[in-house]
Amino acid sequence: MQVFTFDLEDDYLLIGIHSTEEDYRLAYLINKYLKTKFIKYKHSLDFKDSNVEFPLFEYKNEKTYLNYYLINNKCLHVVNEQYNTGLFGGNYSTTSYLLPEKKKVDFLLKIEGCTQEFILEIVEKLNKINQIITSYQIETDTLKSKNNLIF
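Here the structure is a predicted model, which means the values were calculated and not measured.

About the cut-offs
- Residues numbered from 1 in each chain as written.
- Predicted model: local features only at pLDDT ≥ 70, side-chain atom pairs only at ≥ 80, totals over all residues.
- Heavy atoms only, no water.
- Buried < 20%, exposed > 50% of the residue type's maximum accessible area, 1.4 Å probe, protein only.
- Helix = DSSP H or I, 4+ residues; strand = E, 2+ residues; numbered from the N terminus.
- Pairing = 2+ DSSP bridges.
- Salt bridge = Lys/Arg side-chain N within 4 Å of Asp/Glu carboxyl O.

Now for the pairing of strand E6 (residues 66–72). In terms of burial, E6 is a largely internal element, 7 of the 7 residues being buried. Burial along E6 is two-sided: Leu66, Tyr68, Leu70 and Asn72 and Asn67, Tyr69 and Ile71, pointing in opposite directions, are all buried. The pairing of strand E5 (residues 56–61) with E6 spans 6 bridges and is antiparallel. Paired with Asn61 across the bridge in E6 is Leu66. In terms of strand pairing, E6 meets strand E9 (residues 107–112) through 6 bridges, oriented antiparallel. Residue Tyr68 lies in a different strand from E9, and its bridge partner there is Ile111.

Take a look at the structure:
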């Protein structure tokens, strides 16, 4: 008897995108060039015990059964220090990362249910968009914080 195992971690492939565009603008450009239909997801990606939220765009292709997610890797948030009366007291901002080991990546494109060849085609098309500096596949098995991508 043959036993099959199913590993959720291998259910998606990941692309790192470097771009200075705002998330909504990047989603628009990807829709235009890749013929996708990304829409802003009603909830941002957030975590327990944290005030950090990562905006999320989603596209589900019902013909190919592929699910696409465009996620900010960086979140800038303001910390309020109302009791600090020093010379530099007050508010300051910090940056949090969805994947801290990939701090230089601005956006992540997670595609569920696709093949390696398909990812390479998508990367090639993304790199033709002028507003994208570069994009490339990220090996998910090397990520320490890959659990942040399970949602």
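A word on the pattern of salt bridges. Here the structure, examined in full by the defined rule, presents 4 salt bridges. In this structure, Glu21 engages Arg25 in a salt bridge whose closest nitrogen and oxygen atoms are separated by 3.6 Å. Here Glu112 makes a salt bridge to Lys110, at a shortest N to O gap of 3.5 Å. An identical accessibility class is assigned to Glu112 and Lys110; each is buried.

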